[in-house]
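Observations on the three-dimensional arrangement
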Amino acid sequence: MALERYGYRMLSAADGLTGLERFREHTPDLLLLDVMLPELDGIGLCRKVRETSQAPILMMSARGDSLDVVSGLEAGADDYVVKPVDTPVLVARIRALLRRVTFAPEAQESAGSAGPAGSAAAAAADRDADRDRLIFGDLTVDTRGLEVFRDGERIALAPTELRLLLEFAAHPGIVLDRQTLLRKVWDYGWDGDSRVVDLCVQRLRRKIGADRVETVRGFGYKLRR
């Protein structure tokens with residue numbers, strides 16, 4: 001009811017299995033999952049969704065239950081809130097997650113008809129495409145097409161994982177501390193829980209290579225050139 005007052009259209013489910021069915025049927029823009037659900041709990045549901053979708057997932061956990069938080073993030077959740085949560089805080093987290101999936105490259109215009117002008121436009125487009133592709137060893141990041149390849153094979157990243165990688169790729173070799181990453185990637189205007197960063201880095205490493213993102217103890221992380 002609170003989210004509908006903010007203009008969101010909601011679908012609800014009283015248990016995890018029903019939630020999974022509704023997700024597959026309606027493909028919502030975002031999932032808000034409670035950890036404690038009958039039939040299939042929120043963590044199990046998160047894992048099921050992640051098998052086929054990179055839709056943003058916001059997990060709700062009981063206050064102070066760090067095990068739920070860690071388990072949810074490891075299962076693939078993008079963020080979490082603790083209960084009880086004020087509606088404005090919940091809405092702010094939802095808006096931040098949705099902003100992460102709405103940033104997209106501008107549509108590229110076609111090169112036009114064949115001929116000298118078309119050839120010149122195509123050549124310019126190729127040069128632009130080269131500039132938009134960042135290469136780090138076996139890893140290629142297309143910053144315009146928002147695609148990531150490892151050894152030529154496309155990697156599916158969740159929105160938060162992609163934004164995290166893009167932030168690293170924009171500053172290769174530079175150490176980024178956790179609070180900076182929280183502000184840049186999670187859109188936190190306040191100090192957030194650094195476990196979100198640590199666990200998202202772990203998930204990213206499993207996909208792009210464990211040695212690609214280096215931990216600098218006491219400071220943060222950096223992307224190896």
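Every residue gets a number counted from 1 within its own chain, in the order that chain's sequence is written. In view of the model being predicted, local features appear only for residues whose pLDDT reaches at least 70, and side-chain atom pairs are presented and counted only at 80 or more, with totals across whole chains, interfaces and linings using the full set of residues. Side-chain numbers here rest on the full set of heavy atoms in the structure, without hydrogens or water.

Attention shifts here to the overall build of the protein chain. Looking only at helices and strands, the protein chain has nine helices and nine strands in total. Think of it in three bands: with a 1.4 Å probe and only protein chains considered, a residue is buried below 20% of the maximum accessible area for its type, exposed above 50%, and partly exposed in between. A burial count over the protein chain gives 41% of its 225 residues as buried. Counting contacts in the protein chain only where the partners sit at least 6 residues apart, residues at least 24 apart contribute 56% of the total. The numbering of helices and of strands both runs from the N terminus, where a helix is a DSSP run of H or I of at least 4 residues and a strand a run of E of at least 2. Two residues qualify as a contact provided that any one of their heavy atoms is within 4.5 Å of a heavy atom in the partner residue.

The next point concerns the pairing of strand 4 (residues 133-136). Every other side chain in a regular strand lies on the same face of the sheet, so the side chains alternate between the two faces. DSSP calls a pair of strands paired once it identifies at least 2 bridges connecting them. Bridge analysis of strand 4 against strand 5 (residues 139-142) gives four bridges, and the strand direction is antiparallel. When the bridges of strand 5 are listed, Leu134 appears paired with Val141. Hairpin connection from strand 4 to strand 5: two residues lie between these consecutive antiparallel strands, with Gly137 at a positive phi of about 65°.

Now for the packing of helix 3 (residues 42-50) against helix 4 (residues 66-75). It is the contact of helix 3 with helix 4, at a shortest axis distance of 8 Å, that shows an interaxial angle of 10°. Judged by the inter-axis angle, helix 3 sits roughly parallel to helix 4. Regarding helix 3 and helix 4, the two cross each other, and that crossing is right-handed. In contact with Ile43, Cys46, Arg47 and Arg50 of helix 3, helix 4 contributes Asp68, Ser71, Gly72 and Ala75. The residue makeup of the contact of helix 3 with helix 4, split by class, is three nonpolar, two polar and three charged. To get an axis, a line is fitted to the C-alpha atoms, and for a helix only the part in contact is used. The angle between two axes follows their N-to-C directions and goes from 0 to 180 degrees. Here the angle decides the label: under 35 degrees means roughly parallel, over 145 means roughly antiparallel, 65 to 115 means roughly perpendicular, and every other value means oblique. In a left-handed crossing the near helix is turned counterclockwise from the far helix by less than a right angle, and in a right-handed crossing that turn is clockwise. For this scheme, ten residues count as nonpolar: Ala, Val, Leu, Ile, Met, Phe, Trp, Tyr, Cys and Pro. Four count as charged, namely Asp, Glu, Lys and Arg, and the remainder, Gly too, count as polar.

Pairing between the strands of a sheet comes from backbone hydrogen bonds, and it takes one of two forms, parallel or antiparallel. The antiparallel open sheet is built from four strands, whose spatial order is 4-5-6-7. Each of the sheet's edge strands pairs with one partner strand only, and the pair in question is strand 4 and strand 7 (153-155). Neighbour to neighbour, the strand axes of the sheet diverge by 25° on average, direction disregarded. Relative to strand 6 (residues 147-150), strand 5 is paired through four bridges, and the arrangement is antiparallel. Note on strand 6: the bridge partner recorded for Leu139 is Arg150. Contacts from helix 7 (residues 159-170) reach strand 4, strand 5 and strand 6, with the element oriented near 100° to strand 5.

Turning to the environment of Thr27, a few remarks are in order. Within the secondary structure, Thr27 is located in the loop between helix 2 (16-26) and strand 1 (31-34). The exposure class of Thr27 is exposed, given its relative accessible area of 54%. Between the C-alpha atoms of Thr27 and Ala55, which are 28 residues apart in sequence, the distance is 8.5 Å.

Here we take up helix 4. All of the buried residues in helix 4 are Asp68, Val69, Ser71, Gly72, Leu73 and Ala75. On the buried face of helix 4, the contacting elements are helix 3, strand 2 (57-62), strand 3 (79-83) and helix 9 (195-208). The positive-phi residue at the C-terminal boundary of helix 4 is Gly76, with phi of around 125°.

Turning our eyes to something else, we now look at the sheet that holds strand 3. Pairing in this open sheet of three strands is parallel, and the strands run 1-2-3 from one edge to the other. In this open sheet, the two edge strands, each paired with only one partner strand, are strand 1 and strand 3. Across this sheet, the average inter-strand angle for adjacent strands is 25°, counted without regard to direction. In this structure, strand 2 lies alongside strand 3, joined through five bridges in parallel fashion. Each bridged residue has a counterpart across the sheet, and for Ala62 the counterpart in strand 3 is Lys83. Against the sheet, helix 3 engages strand 1 and strand 2, with an angle of about 170° to strand 2.

The alternating pattern of strand 1 places Leu31 and Leu33 on a buried face, while none of Leu32 and Asp34, on the opposite face, is buried. As defined by bridge partners, strand 1 adjoins strand 2 across four bridges and the pair is classed as parallel. Directly across from Leu33, in strand 2, lies its bridge partner Met59. Each parallel crossover has a hand, and for strand 1 linked through helix 3 to strand 2 it is right-handed. Orienting the strands away from the viewer, one traces the path from the first strand over the helix to the second; a clockwise path indicates a right-handed crossover.

Geometric values such as these leave the question of function open.
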